[in-house]
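Spelled out, the chains give:
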Amino acid sequence: MISRRSLLAGSAAAGLGLGLGACASSPDAGPNVIRYWGVGAADKDKDEQVRDAFLKTDAGKDAQIYIDQVPSSGVADMSQIITAVRGGTAPDLWWMDRFNAVQNASIGLLEPLDDLIEKYEDVSPEEFKSQWIQFAVDELTYDGKLYGLPCTTDARGLMYNEDVLRDAGVDLDLFDPAKHVITWDQLGDVVEQVVETDDRGNYTRFGFAPWLGEGWPYTWAFGLDAQAYDNDSATVTLDSPEWESVFQLYADWAERFPYATVDAFMATYQPPNAPPTQTAMFSGRLAIDITGPWQISGNEKYAPDLPLKFTYLPVAQEGDPTYTWSGGQCLVIPAGANITRTLWEFLKFYAGFQGQSTVVPQFGNLPTNLRAIEEGTYNPKAELFRQMLPNSTSRPPLPVGSAMWDTLTRARSSVALGSRSPAAAVADNQSMIAPKMDLFEGYRMPDTYGQPSPVPGS
């Protein structure tokens, strides 16, 4: 355990002085006191709505819930919570990106929930967990124990601008999800039709590139059956032929549509830090992007008159099954929290039907609670993404998940730029991650990982 927890001690030392006062205004621990690190300053009102609803229940009538928002540099920034746990100032409840759960559990940052379920619920942990979609539960499971409750989720697909495609003479039936799932070859041909250049060869209108938007290596890996980890042999498998095909996809596309030219196009029509109204899609310069249901609210707010629609991710061959993957957030109990029945009831309320029905429609994403999915407590315009959920999954729940993500993302850029071959990239990826997983000898993901997740109405 020392080697696994060394990151916790090291990061705490590096981050000393960060966030120690995040809950300084909160009272001392008590049976009805909950100190909560919430969604974020811009969304504090959503936390407050759930808190106010909980206070009206019998379980919450005496609760005192103090909400703080803790700044960070991104969803993978654990400096604040590491420092707080080590310094004994951690909150009792924490809103966190679900992808970080297994890694955080592996270094001792989180409390397991199984004993709390057995203590406070009249059902077994397995029956209790069955209220949520399976892949979200899998993503919160480490060494057979549950380390949080899932709150929101999403899926990935293609967003396309019908006006741009129609102007380029593209058959819109290719993108109609009720009629067709587009293949990679067809998508390449569409981009050829859409592209327009100026006298110097710069793109003034462009179609699509697999590294734009949500075009992460995992996005295409799920469609090409590239597995990151083999449960039976407990080994990292990032150097498989399937993973090489993922990076070959980037290389082939960049040869056809040069990365530097695409990058210059995006810098011109969607520069970094541009306001949300200034996108290549909204200005009619980009025909197709990779995104998820969270984009719907932005479309409604900033481009309500554009015919922006959604369809499935491209497949290799006609008739291949559709695929996607889902992220999302969760609620967890940091190590050393003041664990009480009131805390448990609020956690269960927020992550359950009542809480998700309140916040999920406002976030624009999808519920993880099966009853909330069944009763449609989400934007009806996200229905296609809801239909994707039974065949979706999470990123592999591994204690080196963040390191794996970063390694794959760097390899994507180097391959698309042409500075590394796909074969070299996957070999390097394997050599970077396999030694890190060696610290967790014999580790197994949940046996249900990667299996279809039953969803009401599907």
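Here the structure is a predicted model, which means the values were calculated and not measured. (Residues numbered from 1 in each chain as written. Predicted model: local features only at pLDDT ≥ 70, side-chain atom pairs only at ≥ 80, totals over all residues. Heavy atoms only, no water.)

## A word on the packing of helix α11 (residues 241-256) against helix α18 (residues 401-417)
- Two elements in contact, α11 and α18, have axes separated by 8 Å at closest approach and are oriented at 40 degrees. For α11 against α18, the interelement crossing comes out right-handed. Residues Trp243, Phe247, Tyr250, Ala251 and Ala254 of α11 form the contact with α18, whose participating residues are Leu408, Ala411, Arg412, Val415 and Ala416.
- Residue classes in the contact of α11 with α18 are distributed as nine nonpolar, no polar and one charged. (Axes fitted to C-alpha atoms, helices over the stretch in contact; angles between N-to-C directions. Helix = DSSP H or I, 4+ residues; strand = E, 2+ residues; numbered from the N terminus. Left-handed = near helix turned anticlockwise from the far one by under 90°. Contact = heavy atoms within 4.5 Å. Nonpolar A, V, L, I, M, F, W, Y, C, P; charged D, E, K, R; others polar.)

## Describing the sheet that holds strand β6 (residues 149-150)
- As summarised here, the arrangement of the five strands in space is β2-β1-β3-β15-β6, forming an open sheet in which the pairing is mixed. Two strands bound the open sheet, and with one partner strand each, they are β2 (64-68) and β6.
- As judged from the two bridges shared by β6 and strand β15 (residues 329-332), these two strands associate in the antiparallel manner. Note that in β15 the partner of Leu149 across the bridge is Leu331. (Pairing = 2+ DSSP bridges.)

## Observations concerning the confidence of the model for the protein chain
- With 92% of its residues at a pLDDT of 70 or more, the protein chain has an overall mean of 92.
- Below a pLDDT of 50 lies the segment residues 1-24, which in the model reaches 37 contacts outside its immediate sequence neighbourhood of four places, other chains included. (pLDDT = per-residue confidence, 0-100.)

## A closer look at the sheet that holds strand β8 (residues 157-161)
- Spatially, β13-β8-β14 is the arrangement adopted by the three strands of the open sheet, whose pairing is antiparallel. The sheet is open, and its two borders are formed by β13 (288-291) and β14 (308-311), each paired with just one other strand. With direction set aside, neighbouring strand axes in the sheet form an average angle of 30 degrees.
- Summarising the sheet, β8 and β13 pair through four bridges and their orientation is antiparallel. Bridging from a neighbouring strand, Tyr160 pairs with Ile288 of β13.
- Taken strand by strand, helix α13 (residues 295-302) contacts β8, β13 and β14, and its axis lies near 165 degrees from that of β14.

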